[in-house]
Amino acid sequence: MGKRNKHTTFTDSTFLKTLIQAFEIKRNPLPWNKAILAGVSAAFPAWIGLMLGDLQSGLAAGIGGFTYLYMFNEPYAERAKKLFFVMIGLSLSIGLGMLLAPYPFIFSLMTGVLGFLFTFLFGALKIPGPAAIFFVLVFTITSAMPIDPSLAPMRSGLTLLGGAFAWVLAMSGWFINPHGPERNAIKRVYMELGSLIDVIGTAEFSKERQRALQTLKDTGDTLSRAYISWQNSAEFRKLHYLYEQANLIYAEIIEFYAIPDKKQLSAIAQMLRTLANKMDKHSGEPMPFMNEMDKETNLRLEKMVNEAVLILNGDDERLRLEEEIRVPRRSLKETLAGSFHKNSFVFISAIRYGFILFIAALIAFSFEFDRSYWIVLSCGAVMLGSTIITTFHRAIQRSFGTIVGVLIAALVLSTHPDGIYIILIIWLLTFLTELFIPRNYAIAVSFITPNAIFMAENTSQIYDLRFFATARITDILIGCAIGLIGIFFIGRKSASSRLPHLIAKTIRSQMQLMAFMFSGTRDDVDITSSSETKKMHTNLKNLSLVYRTALGEIPRNQKALEQLWSVIFSIEQLGFLLEAASRKQDLPILKDDDLAQLMLVFEMMAKSAKQMESPETRRIPEIPGFPQIQKEIGDLQVAMQVGSGLA
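Since the model is a prediction, treat every value here as computed from it, not as a measurement.

Student: Help me out: how do you make sense of the overall build of the protein chain in this one?
Tutor: Within the protein chain, the regular secondary structure consists of 25 helices and zero strands. Partitioning the intrachain contacts of the protein chain with sequence separation of at least 6 by distance along the chain shows that 81% fall at a separation of at least 24. A total accessible area of about 30000 Å² is found for the protein chain, and carbon and sulfur atoms account for 62% of it.

Listed below in structure tokens is the structure:
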């Protein structure tokens, strides 16, 4: 009896906590500009249609406005390509939907295929945003339209026009601040470095070090996405050199400043923040250098900060020489191939998403549900949660938000709006959706529901308020249930079960890179673009994704996962140090005995990781010129001895 009561209390407590989290209002900033332009991208094509006397065609073009919803703070070079393919994808989705609408089974199968395809692409390319959901919406929404395959080219063309308008809106900031996203990323890096210096010698140093490393990695990705080989502008080169200098400053901090000198280090931290704030100013007086300090211990770090100031002021010799810079990046083919295999969590997640979506579509279109695409859409939306907990959050949020949204739609529709009022309502609802998505999904869904009705369901039954309210709520509850059941039975433990294998695989890829770097076999090969480096990057990305997913699984060993974080971070830190070392010239060549000992250390750690056992403490040979790499291997060995109890 005592056991049962304890279990019940735990379950009730967990459920209540999950329920509260689902309705938590996050303190993210409200994206006013994006919300306003998102509303314009959806409403303006509809207004054009109204002015031309064809509101229905205008609403069809407005569907292409969903392109704008995929716009984030990425570099414009990346944004232009991404949104171009998004608008093409939306256009093809609606055309394909109209062609296949008469064939329910093929239509359901293609729904799953599209869900898989776009989930895989967005995951493999690490593109933030709503992933497959709007492509699925645009495809399945055709099931609510009059079945007429001959209209497919026209509908597809109208959607493409609306998408092109959204593309222009999203790219308009390029004329004002073409390198704004990259500049903001560099600003965040220097702010984080200042914060890291502030906590040297305190208990917060480890956590801040992790945050600084992640910021450096994210900024590196941002610059890589902004890189255009045939156009190295002076501004981009400056940002690139500032990023390289930030890497050197970070390495200097974690290697030499374990004991703080509060007075002098606080001055350096403030200088880094001043440098970061200077990023927002496109012109003005040059930034002054730091005064020379008396203590030799801080002289190197001060010089590094002054070198960053030199770059920011445009006085660095490399800027005057206008040398072409090369940013290591993987080709599209290599990136997709790296995620297209049976052990890739991106690939597995995409298959799971597509399969459950296919089942939902099959159920929806096999029975006489009104506007059955709402079942598919709801299923797809709740599965956007990367874990079963976030999926449960989505199900709660979508159910609650839909009920509120239906009430809003009923209230608005009771006034029988037409003409310009429909346009204004679409703008307002799209604006409110984008404004509140960063704060809480349930609030956003309250506006998504009536907006979808206005944009897609223009039938006589739309004014039968009781009919459409009952139908929408029923469909959405069924879709949420299918998504939850599918995720619970197919993927509830899929991430944590893969962690041992992925940790071992990542450690072995780092071993292979080190063998390549510190042996005499590398010749004049560019290490940063070698297959060993690319393999390590792929494994690190996969490991990070799987670990984050494992944290949200049910059931989970929370304590063991938290202990394992020190292992994950140490592997990521080692990857960062190896990548930084690979860019240097004249790497040392280790003796055969030392190299063999190093390989033994890595292989034993990999075997221990796969078996989730504690590795023995082994001697780590000296790596001339790279003591931090040697230290980090030792830290990884210790971390694995502490965090080996996941199984």
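Student: Hey, could you run me through the environment of Gln264 in this one?
Tutor: With respect to the helices and strands, the residue Gln264 is situated in helix H11 (residues 262-278). Under the relative-accessibility criterion, Gln264 is labelled buried at 14%. Put simply, Gln264 and Glu302 are 38 residues apart on the chain and 9.5 Å apart in space, counted from C-alpha to C-alpha.

Student: How should the packing of aromatic side chains be read in this particular structure?
Tutor: Here the distance between the centres and the angle between the planes together describe a pair of aromatic rings. Tallying each qualifying case throughout the model produces 27 aromatic pairs. Seen from their ring centres, Phe84 and Phe85 are 5.4 Å apart, and the 80 degrees between their planes marks the pair as edge-to-face. When the ring of Phe107 is compared with that of Phe139, the centres are 4.5 Å apart and the planes differ by 20 degrees; the resulting orientation is stacked. Remark: Phe139 occurs in helix H6 (residues 133-140) and Phe107 occurs in helix H5 (residues 104-124); sequence separation between them is 32 residues.

Student: What is the right way to look at unusual backbone geometry in this model?
Tutor: Among all residues save glycine, negative phi is the norm, and among peptide bonds the norm is trans. One non-glycine residue, Ala131, adopts positive backbone phi at about 50 degrees. Within the fold, Ala131 resides in the loop between H5 and H6. Judged by relative accessible area, Ala131 falls into the buried class, the value being 12%. One non-glycine residue, Met612, adopts positive backbone phi at about 50 degrees. Mapped onto the elements, Met612 comes out in the loop between helix H24 (592-611) and helix H25 (627-642). Residue classification places Met612 among the buried positions, given a relative accessible area of 13%.

Student: Help me understand the nonpolar core in this model?
Tutor: Generally speaking, soluble globular proteins have nonpolar side chains that are buried together. In terms of nonpolar packing, the biggest core is built from 92 residues, with Tyr190, Met514, Ile629 and Ile633 touching the most fellow members. Considering every element that reaches this core, the biggest residue donor is helix H23 (residues 558-582), with 11 residues. Other than its neighbours up to four places away in sequence, Ile629 contacts Met514, Phe518, Leu574, Leu577, Leu578, Ala581 and Ile623.

Student: What is the right way to read the packing of helix H3 (residues 55-63) against helix H7 (residues 152-171) from this model?
Tutor: Two quantities define a packed helix pair, namely the angle between the helix axes and the distance between the axes. Two elements in contact, H3 and H7, have axes separated by 6 Å at closest approach and are oriented at 60 degrees. The orientation of H3 with respect to H7, classified from their angle, is oblique. Judged by the sense of rotation from one axis to the other, the crossing of H3 with H7 is right-handed. Contacts from Gln56, Ser57, Ala60, Ala61 and Ile63 in H3 reach Arg155, Leu158, Thr159 and Gly162 in H7.

Student: So what exactly am I meant to see when it comes to the side chain of Glu252 here?
Tutor: Checked against the element boundaries, Glu252 lands in helix H10 (residues 234-256). In this structure the side chain of Glu252 is engaged in a polar contact, spanning 2.9 Å, whose partner is the side chain of Arg300.

Student: Looking at this model, I keep getting lost on the side chain of Thr433. Mind explaining?
Tutor: Summarising the element assignment, Thr433 is placed in helix H18 (residues 420-436). When near neighbours in sequence (up to four residues on either side) are disregarded, Thr433 contacts Ala444, Phe447 and Ile448.

Student: I'm lost on a nonpolar patch on the surface in this one. Help?
Tutor: On the surface, Phe44, Trp47, Ile48, Met51, Leu52, Ile420, Tyr421 and Leu424 cluster together into a nonpolar patch covering about 810 Å² of accessible area. Among the secondary structure elements, those contributing two or more residues to the nonpolar patch are helix H2 (32-51) and H18.

Reading the values: rules and limits
- Residues numbered from 1 in each chain as written.
- Predicted model: local features only at pLDDT ≥ 70, side-chain atom pairs only at ≥ 80, totals over all residues.
- Heavy atoms only, no water.
- Helix = DSSP H or I, 4+ residues; strand = E, 2+ residues; numbered from the N terminus.
- Contact = heavy atoms within 4.5 Å.
- Areas by Shrake-Rupley, 256 points an atom, 1.4 Å probe, with all protein chains shown as cover.
- Buried < 20%, exposed > 50% of the residue type's maximum accessible area, 1.4 Å probe, protein only.
- Phe/Tyr/Trp six-rings, centres within 6.5 Å; stacked < 30°, edge-to-face > 60°.
- Core = buried A, V, L, I, M, F, W, Y, C linked by side-chain atoms within 4.5 Å.
- Axes fitted to C-alpha atoms, helices over the stretch in contact; angles between N-to-C directions.
- Parallel < 35°, antiparallel > 145°, perpendicular 65-115°, else oblique.
- Left-handed = near helix turned anticlockwise from the far one by under 90°.
- Polar contact = N/O pair within 3.5 Å; in protein donor to acceptor, adjacent residues only side chain to side chain.
- Patch = residues over 30% accessible without salt bridge, like charges linked within 9 Å, V, L, I, M, F, W, Y side chains within 5 Å.
- Salt bridge = Lys/Arg side-chain N within 4 Å of Asp/Glu carboxyl O.

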